[in-house]
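Below, each chain spelled out in residue letters.
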Amino acid sequence: MDQYVVFGNPVGHSKSPAIHRLFAEQTGEQLEYSTLLAPLEDFANCALGFFKQGRGANVTVPFKEDAFRLCDQLTDRARRAGAVNMLTRLDNGGLRGDNTDGLGLVRDLTVNVGVSLKGKRILLLGAGGAVRGVIESLLEQEPASLIIANRTVEKAEQLAQIFAELGPVASSGFDWLEESVDIIINATSASLAGELPPIAASLIEPGVTVCYDMMYGKEPTPFCRWASEHGAKLSVDGFGMLVEQAAVAFTYWRGVEVDTAPVLKALRAEMAG
Ligand code: ATR
């Protein structure tokens, strides 16, 4: 049977196997999808070993940059992001790398959450791998502005420069921002430590601003709680983004479309229970 994995470290908590299992059930595809814990110092050998047999893989923290370096072929968006979250074995045995995080985020925001990004003022918090992967897709939606804010401002400045040719992107430190925006997307890893990026509550216009955390968990993340407390119109976690980027991969690998709505619903219910 065709084999797929998600590489990560840690990876035991990953919901990707459950998502792909539900996609396979829905479409009648025959495949195996499991987690693969790669050693922190030796992603390359682990991945090359898997791909002697394996057909495709997703890549999660902290290997997206390692995966990027391993590829023989890259999509334009993966090249610009400098990070790969999806690997596919080519017919000649080489590896193709793509980055579907941005598409996953935009589909979740625009289709599942129902928020148009066109003409909006968007604030993106963070400047790490998670941010690099989504800037291009966000700019394709033609926002009025995209501000990248980061604790280490230089990193935000670098990203704004790299993506400047694609749209109205600017950089900032957290404490320079006061005026409210339409959408705030948290792509820092602060939630992992139960922390919040130090941003002013005045960035939220009550009843208007939509807040999105690329992290997710059983309980609302600290950022989602903060957003709700300050009257955000919506505060949404990143589970839908995970399901949507998985759908892009599944369709690419298997050549069939999937319906993500029932999968999201089933797994959210399972997480809540
Ligand atoms: P990822 O691949 O998840 O983006 P990363 O590349 O390590 O991980 O980036 C982590 C991001 O979260 C960075 O933007 C980091 O800010 P710095 O560049 O200043 O280090 C941000 N971050 C992590 N912890 C944070 C915290 N407690 N408050 C604010 N930002 C935080």
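Note that the structure is predicted; figures quoted are calculated from it, not measured. (Residues numbered from 1 in each chain as written. Predicted model: local features only at pLDDT ≥ 70, side-chain atom pairs only at ≥ 80, totals over all residues. Heavy atoms only, no water.)

1. Looking at the site of the ligand
Neighbouring residues of the ligand: 14 residues in total, closest Ala127, Asn150, Thr152, Lys155 and Glu195. Measuring from an oxygen atom of the ligand, one finds a backbone N or O atom of Gly129 at 3.1 Å. In this structure, Asn150 approaches the ligand through a side-chain N or O atom, which is 2.7 Å from an oxygen atom. Against a free-state accessible area of 650 Å², the protein chains account for coverage of 75% of the ligand. Looking at the shell around the ligand, its residues break down into four nonpolar, seven polar and three charged. (Near = heavy atom within 4 Å. Polar contact = N/O pair within 3.5 Å; in protein donor to acceptor, adjacent residues only side chain to side chain. Areas by Shrake-Rupley, 256 points an atom, 1.4 Å probe, with all protein chains shown as cover. Nonpolar A, V, L, I, M, F, W, Y, C, P; charged D, E, K, R; others polar.)

2. Some thoughts on the sheet that holds strand E7 (residues 121–125)
Across the sheet, six strands lie side by side as E9-E8-E7-E10-E11-E12; this open sheet has parallel pairing. Looking at the sheet topology across the chains shown, the edges are occupied by strand E9 (169–172) and strand E12 (234–236). The average angle at which neighbouring strand axes cross in this sheet is 15°, direction not considered. Packed onto the sheet, helix H7 (residues 153–163) meets strand E8 (145–149) and E9 and runs at close to 175° relative to E9. (Pairing = 2+ DSSP bridges. Helix = DSSP H or I, 4+ residues; strand = E, 2+ residues; numbered from the N terminus. Axes fitted to C-alpha atoms, helices over the stretch in contact; angles between N-to-C directions. Contact = heavy atoms within 4.5 Å.)

3. Section: the domain arrangement of the chain
Here the domain parsing of the chain yields domain 1 (2–99) and domain 2 (102–239). Using C-alpha coordinates to define each centre, domain 1 is positioned 26 Å away from domain 2. With seven residues of domain 1 at the contact, the number on the domain 2 side is eleven residues. For the pair domain 1 and domain 2, the summed buried surface comes to about 830 Å²; carbon and sulfur atoms form 51% of the total. By the criterion of area lost to domain 2, the three top residues of domain 1 are Arg77, Arg80 and Ala81, representing 59% of everything that side buries. For the pair domain 1 and domain 2, the interface holds two salt bridges. Counting across the interface, domain 1 meets domain 2 through three residue pairs in polar contact (both at pLDDT 80 or more). In terms of residue count, helix H4 (residues 76–81) provides more of the side of domain 1 that touches domain 2 than any other element does, three residues in total. Each residue belonging to the side of domain 1 that touches domain 2 can be placed in one class, and the counts come to one nonpolar, two polar and four charged. (Domains from an automatic or database assignment. Buried area = accessible area lost by both parts, 1.4 Å probe. Salt bridge = Lys/Arg side-chain N within 4 Å of Asp/Glu carboxyl O.)

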